[in-house]
Every structure is written in C-alpha cells, then in structure tokens.
Amino acid sequence: MAYTDLLDFIHVLEKKGELKRISFEVDPLLEIAEFADRSVKAQGPALLFEKPKGSAVPVLINAFASMRRMELALEVDSVDAIAARISEYLEMRMPEGLIGKLKMLPKLAEMGSFFPRRVSDGPCKEVVRKKDFSLSDYPILQCWPQDGGRYITLPMVFSRNPDTGKRNCGCYRLQVFDERTTGMHWQTHKQGAEHYRRLMKEGKQKRMDVAVAIGSDPATMYSAILPLPPDLDEMMIAGFLRGKPVEMVKCETSDLEVPANSEIVLEGYVELGELRREGPFGDHTGFYSLDDDYPVFHVTCITQRKDPIYATTIVGPPPMEDFYMGKAIERIFLPLMRLQLPEIRDISMPAEGIFHNLILVSIRKSYPLHARKVMHAIWGLGQAMFSKCIVVVDEDVDVQNVREVAWKALNNIDPERDIQFVLGPVDSLDHSSRLPNYGSKMGIDATRKWKEEGFTRPWPDVIRMSDNVKQRVAEMWKKAGL
C-alpha cells in the first residue's frame, strides 16, 4: 500500500528501527547538519529532531540515507524490482488472440494508477497564510560553515512549460535571503531554467509562477530528483513508483498544482530578469560551489498542515544521503539506458565519483571501437552528458566491484591509445572546468583489444586455479583445521 504522507513513512521507519528521535534542542545552524553527517557516515538511522532551536516544526533528515531506507521508501525488497517492472512495460507488445488480450488487462488497469489526480482540497491547505508569515518560522538549515546562509535543500519546485503547459517538478536548492525571499538555483541545463529562458525570450509577461512543496510521501519527494526527459511528468512517475495516483491540489495564488499531502507549500513567483548573488554552498561534490547570480523567488503565500514536519537533507563529502538516492536511480534507470544501448550489461556510479565524475560501464563488445560508440552515446543521454570520466570494460567485469574494475582497467589500457578526450557541456558545479558549464570529458576503453583494432600481440588470460584442484583443496582445507 502506498504511503499516505510523510508521517506514514516516518512511522514505518520507526517500526523498522530505521529512525531515531532527538528530543532535546539542536540548532538548525550547523548542529543538525553535523548530526546528519555523523549518522550517515556511521550507517546510522534517519533522524527526527523534535525540538529544533527557534522553531516549533520538527526536522526529518537522512530519511533516504541507506539502501534499506530507499527500499522502504519505494516499498520494495530491492530497487532492482522497480527496474524489472520498467522492463516489463518496455517489453509490452500488442497481444494476439482473446487470451493474450485478457492477460494484458491487469497491466492496462495498473497504468491507470500512474496519472496524477486533481482534488479540491488536501492536508497542505489546513493552514493558509497570505499575510502574517515568515520563512524564519521554519527550521531551515545552514549545513556548512562557509554557506551563504540557510538553504531549503529538499524541495519539490513546480513550474510549467510556457509552450506546452506541461508541469515540471525539480529539486533546486533555495537560499533564504529574508523572511519572504529566496534564491532559485536553476542551473542552466535544468528544465526550470529552460522555462525561465523561454518566458524571457517571449517578453509577454514579467513574472513566472512557481510553487515549492516541502515534505510528502517518499515516492513523490523522490520523483523530484529523477533525471527524466523534458515534459515527462514527475508526478506520473511518482504514481508508477507508489502504485497509486498522486493527488494534486491547486495553489491559492496561481494555477499551479502541488501534492495535496505536502507538509508545507511556498507559493510565489520569479521576477523575470531579476538576479541576485547566491552561494557559496557546501555541495554534493564535497567542495563549496561558488557564488553566482541566480533568479529570485518571492513568496506570496504559505500553506501547510496544522502540525507540519520539515523534510530536509545535507550534501557534502561522500557518502551522504544523496549517494543512496542516486544509487537507486542507477538501478531503476538501467533498463531505460539499455533500451537505447542494449549492449550495456551494467553501470555503476561510485560514491567518490559524486554521480557525474565517474561512470563504470560493462558492455557486450561486438565490433571494433564499440566502447567508443558507447561513451559518445552516454554523453548524449540527458544528464549523463555531464559524465566527466567514463570507463568501459568487458561484460565479464563486475562494475559494482570498484577494485576489480581498477585492476582490470589499469592492466588493459595503453593510455595514449585507449583514452579519448572530448569537449562539451559540464556540470555547473564543476569548479575545475576552464569555463562555467564548459569543459572536457574523458573516455577510457578498458575492454580487451582485438586484432581488428590494430592489436596484434597475444592477449593473456586472467590467472585462475582449475576447479578440480579447488574442490580437492577445499576438502583438505577442513582436514588441515584451517
């Protein structure tokens, strides 16, 4: 059964021993972040701070900070089960005969549960504040000492494509400037930024409506970070993940809709052309992302539950909570990547690579320079275009075992022959690139080389003991008392 809301998820975490309540006062300025960092590094539980200093609103953090919690959030025994469901839908074909059509009916009925459903009211409207409100009423964190201020770090930011009217939901940090104003960290490659640019180009209006929802059921919150194609509704994907439609309610001050079960909703607008210095921010790279000019979000109304919970996260030196969220994305989206690149057997994004710095890929190699084709194809796939380093290995290499990849790859490459550099767009958070959003990327072909690729020397086998000897020694091992 799908979670009703965030509190429902909290109850499950607590029941499963995955949550710790902190009943004494802890400061949202740095102290809660230090708690969260220590807990995730020690593989500790999610944390619910019941008395954050300066606010009556409890703080939930690290709710997704382990693979076990990701499984609980998505209500599966393994996130690979979601990948299997995706594969089933991708393989659906028009059935032949009455029996085949009857067998398809349950799948078609299930697909009806994906689409969001509009409702007239919801828990997020229990309190409506259009005049007397302040962002300082909420326990918004400052995570790291050199941060530019307090940041809302786990929001669901809603906007509409001005051309199609389709909804977009993204997770963009919001630096709090004052009681009713924040930054809007729309990196240039994000869909929110694209909507902003299109409205600017049209020049027909001065403001862009935006709504920010904080806290919801876990699948809906998680959907905001998914690297989906443009105009694919994140709320539909949330419905797929939870097996139940996301109920959406219209905002008080705009035509935007937000999840009705949200804890807190900030309604407002971005003034087109208005920019303000935002940052620095201790980012998922493990470094501070530099300050820069970004749009400004003006809050005109806040709606909330009577007793809301403030859901947040902290990013920084890996592994952090975002690593586990990203690891689930890696497993869930593998079938979609294989739909376009069927030669891919597996992928891995190690924590130290902070998502975009390193992707390990195993392939079923079928022709000369096949690895090069895969590298360039990945650089052409949505947010995978930011991949700074792609290492391609043969299908018998376990890319989930980083030690094995390093051993095989370093033995298999001739650096000058097998390393390729290309120029292209890079992540806005990459502080090492020669220019913002512009830099180089590296592909490493660590597959076994063929004579068709100009390699004429013998290629040696990996050292392995024969099975019969291993079996004999296994019996003698016990006899030797080892």
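A quick note: this is a predicted structure, and the numbers were derived from the prediction, not measured.

### Looking at the sheet that holds strand β12 (residues 247-250)
For step 1, the next point in the chain: Across the sheet, which stays open at both edges, the three strands sit in the order β4-β12-β13 with mixed pairing between neighbours. Two strands close off the open sheet at either side, each with one partner strand: β4 (117-119) and β13 (257-259). Between one strand and the next, the sheet's axes are offset by a mean angle of 45°, whatever the strand orientation.
For step 2, the next point in the chain: Relative to β13, β12 is paired through three bridges, and the arrangement is antiparallel. Across the sheet, residue valine 249 finds its bridge partner in β13, namely valine 258.

### Let's talk about the packing of aromatic side chains
For step 1, the next point in the chain: Applying the stated rule across the entire model yields 11 aromatic pairs.
For step 2, the next point in the chain: Ring plane angle 65° and centroid distance 5.2 Å describe the contact between tyrosine 3 and phenylalanine 9, whose orientation is recorded as edge-to-face. The residues tyrosine 3 and phenylalanine 9 share a single accessibility class, namely buried.
For step 3, the next point in the chain: When the ring of phenylalanine 9 is compared with that of phenylalanine 64, the centres are 6.1 Å apart and the planes differ by 35°; the resulting orientation is tilted. With a gap of 55 residues between them, phenylalanine 9 in helix α1 (residues 6-15) and phenylalanine 64 in the loop between β3 (59-61) and α3 (67-74) connect regions that are remote in the sequence. As far as the burial class goes, phenylalanine 9 and phenylalanine 64 line up, both buried.
For step 4, the next point in the chain: Site record: aromatic cluster; members linked through ring pairs are Tyr3, Phe9, Phe64 and Tyr222.
For step 5, the next point in the chain: Sitting over the face of the ring of phenylalanine 240, arginine 85 holds its NZ or CZ atom 4.0 Å from the ring centroid.
For step 6, the next point in the chain: The side chain of arginine 207 reaches across the aromatic face of tyrosine 269, ending 3.8 Å from its centre.

### Topic: the pairing of strand β1 (residues 19-26)
Both faces of the sheet carry side chains from a regular strand, because those side chains alternate between them.
For step 1, the next point in the chain: Bridge analysis of β1 against strand β2 (residues 46-52) gives six bridges, and the strand direction is parallel. Bridge assignment links valine 26 to a residue of β2, and that residue is proline 52.
For step 2, the next point in the chain: Viewed along the sheet, the connection from β1 through helix α2 (residues 31-41) into β2 turns out right-handed.

### Some details on the pattern of salt bridges
For step 1, the next point in the chain: Counted by the stated rule, this structure contains 38 salt bridges.
For step 2, the next point in the chain: Residue lysine 365 pairs with glutamate 453 through a salt bridge whose shortest N-O separation is 2.8 Å. In this pair, lysine 365 sits in the loop between β20 (359-363) and α11 (370-378) while glutamate 453 sits in the loop between β23 (438-445) and α14 (467-479), placing the two residues 88 residues apart along the sequence.
For step 3, the next point in the chain: A relative accessible area of 11% means that lysine 365 is categorised as buried.
For step 4, the next point in the chain: Beyond isolated ion pairs, a larger network of salt bridges with shared partners links Asp80, Lys327, Glu330, Arg331 and Asp346.

### Concerning the packing of α1 against α3
For step 1, the next point in the chain: Between α1 and α3, the shortest axis-to-axis distance is 10 Å and the interhelical angle comes to 135°. Regarding the angle of α1 to α3, the classification is oblique. Judged by the sense of rotation from one axis to the other, the crossing of α1 with α3 is right-handed. Of the residues in α3, those in contact with Phe9, Val12 and Leu13 of α1 are Arg69, Leu72 and Ala73.
For step 2, the next point in the chain: Partitioned by chemical class, the residues of the contact of α1 with α3 number five nonpolar, no polar and one charged.

Conventions used here
Residues numbered from 1 in each chain as written. Predicted model: local features only at pLDDT ≥ 70, side-chain atom pairs only at ≥ 80, totals over all residues. Heavy atoms only, no water. Pairing = 2+ DSSP bridges. Helix = DSSP H or I, 4+ residues; strand = E, 2+ residues; numbered from the N terminus. Axes fitted to C-alpha atoms, helices over the stretch in contact; angles between N-to-C directions. Phe/Tyr/Trp six-rings, centres within 6.5 Å; stacked < 30°, edge-to-face > 60°. Buried < 20%, exposed > 50% of the residue type's maximum accessible area, 1.4 Å probe, protein only. Lys NZ or Arg CZ within 6 Å of the ring centre and 35° of its normal. Right-handed = clockwise from strand over helix to strand, strands pointing away. Salt bridge = Lys/Arg side-chain N within 4 Å of Asp/Glu carboxyl O. Parallel < 35°, antiparallel > 145°, perpendicular 65-115°, else oblique. Left-handed = near helix turned anticlockwise from the far one by under 90°. Contact = heavy atoms within 4.5 Å. Nonpolar A, V, L, I, M, F, W, Y, C, P; charged D, E, K, R; others polar.

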